[in-house]
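# Chain and residue survey
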Amino acid sequence: MTDLARFAELVSLDHGLSVVVTLRSDHTPHTTVVNASVVPHPATGARAVAFVAAGRTRKLAHLRADPTIAVVVRAGWQWVAVEGRAQLIGPDDAHPEVDDERLRLLLRDIFRAAGGTHDDWAAYDRVMREEHRTAVFVAPSRVYSSPA
């Protein structure tokens, strides 16, 4: 089952605070924490788990080599895991349907969907560019959770 409704419900309870697991080249897990959300993929419109990553992070290097990924969101004792393959869209991971302006708006959309707010969007956009921030979309192949 790949329904993301329950994942989306938990996002609003704690700003989408999620654990991400990627694979190192030796196939051992690498974990990190992000703010994830559920948004439509900019090219397909399909709902996907998404988060924003700084451009030179280990998670992006791992995903460029192997897009296998798991994302777990939690709130209290409730949790939902999404496993799948990641697609990167950013200044170092171009997508033919996402130009610079669309990427700027996309990074904002993902941030806001996870409950983020900002007092100075121009400064936010500048930092996103400077840090080569990248949108990570997870196409779910498996979704499972704690009992409701």
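Worth saying up front: this structure is predicted, and the values here are computed from it rather than measured. Throughout this document, residue positions are counted from 1 along each chain, in the order its sequence is written. With the structure being a predicted model, the display of local features is reserved for residues of pLDDT at least 70 and the display and counting of side-chain atom pairs for 80 or more, all residues being used for whole-chain, interface and lining totals. The basis for every side-chain value is the complete set of heavy atoms in the structure, and neither hydrogens nor water enter the calculation.

The subject of this paragraph is the nonpolar core. Nine residue types can take part in a nonpolar core, namely buried Ala, Val, Leu, Ile, Met, Phe, Trp, Tyr and Cys, and a core is a set of them joined through side-chain atoms within 4.5 Å. Exposed residues in this analysis have more than 50% of their type's maximum accessible area, buried residues have under 20%, and partly exposed residues fall in between, with area computed by a 1.4 Å probe over protein chains only. One finds Phe7, Val49, Phe51, Ile69, Val71 and Val136 to be the most contacted residues of the largest nonpolar core, which totals 24 residues. Helix numbers and strand numbers start at the N terminus; a helix is a DSSP run of H or I with at least 4 residues, a strand a run of E with at least 2. Listed by contribution, the elements that provide at least two residues to this core are helix 1 (5-11), strand 4 (47-53), helix 2 (58-65), strand 5 (68-75), strand 6 (78-89) and strand 7 (134-145). Any two residues whose heavy atoms approach within 4.5 Å are treated as being in contact. If sequence neighbours within four positions are ignored, Val136 has contacts with Val49, Ala50, Phe51, Ala53, Leu60, Leu63, Ile69, Ala86, Gln87 and Leu88. Core analysis: the next-biggest nonpolar cluster, separate from the first, contains 14 residues, Ile89, Leu103, Ile110 and Met128 among them.

All right, on to the side chain of His30 then. Structurally, His30 is set in strand 2 (residues 29-35). Every residue in contact with His30, bar those within four places of it in the chain, is listed here: Val20, Val21, Thr22, Arg24, Arg58, Lys59 and His62.

So, about the packing of aromatic side chains. Here the aromatic set is Phe, Tyr and Trp, taking the six-membered ring for Trp, and pairing holds for ring centres within 6.5 Å; pairs whose planes are under 30 degrees apart are stacked, those over 60 apart are edge-to-face, and all others are tilted. Summed over all chains, the structure comprises four aromatic pairs. Look at Trp79 and Tyr144: their rings are 6.1 Å apart centre to centre, the planes differ by 85°, and that puts the pair in the edge-to-face class. You can see Trp79 sitting in strand 6 and its partner Tyr144 sitting in strand 7, a full 65 residues away along the chain. For Trp79, a relative accessible area of 32% translates into the label partly exposed. Given the relative accessible area of 35%, Tyr144 is considered partly exposed. With centroids separated by 5.0 Å and ring planes inclined at 35°, the aromatic side chains of Phe111 and Tyr124 adopt a geometry described as tilted. Of this pair, Phe111 sits in helix 3 (residues 100-113) while Tyr124 sits in helix 4 (residues 121-130), and the two are 13 residues apart along the sequence. Classification of Phe111 as partly exposed rests on a relative accessible area of 27%. Each member of the aromatic cluster is reached from another via a ring pair, and the members are Phe111, Trp121 and Tyr124. Sitting over the face of the ring of Trp121, Arg112 holds its NZ or CZ atom 5.1 Å from the ring centroid. Our definition puts a charge over a ring when NZ of Lys or CZ of Arg is within 6 Å of the ring centre and also within 35 degrees of the ring normal.

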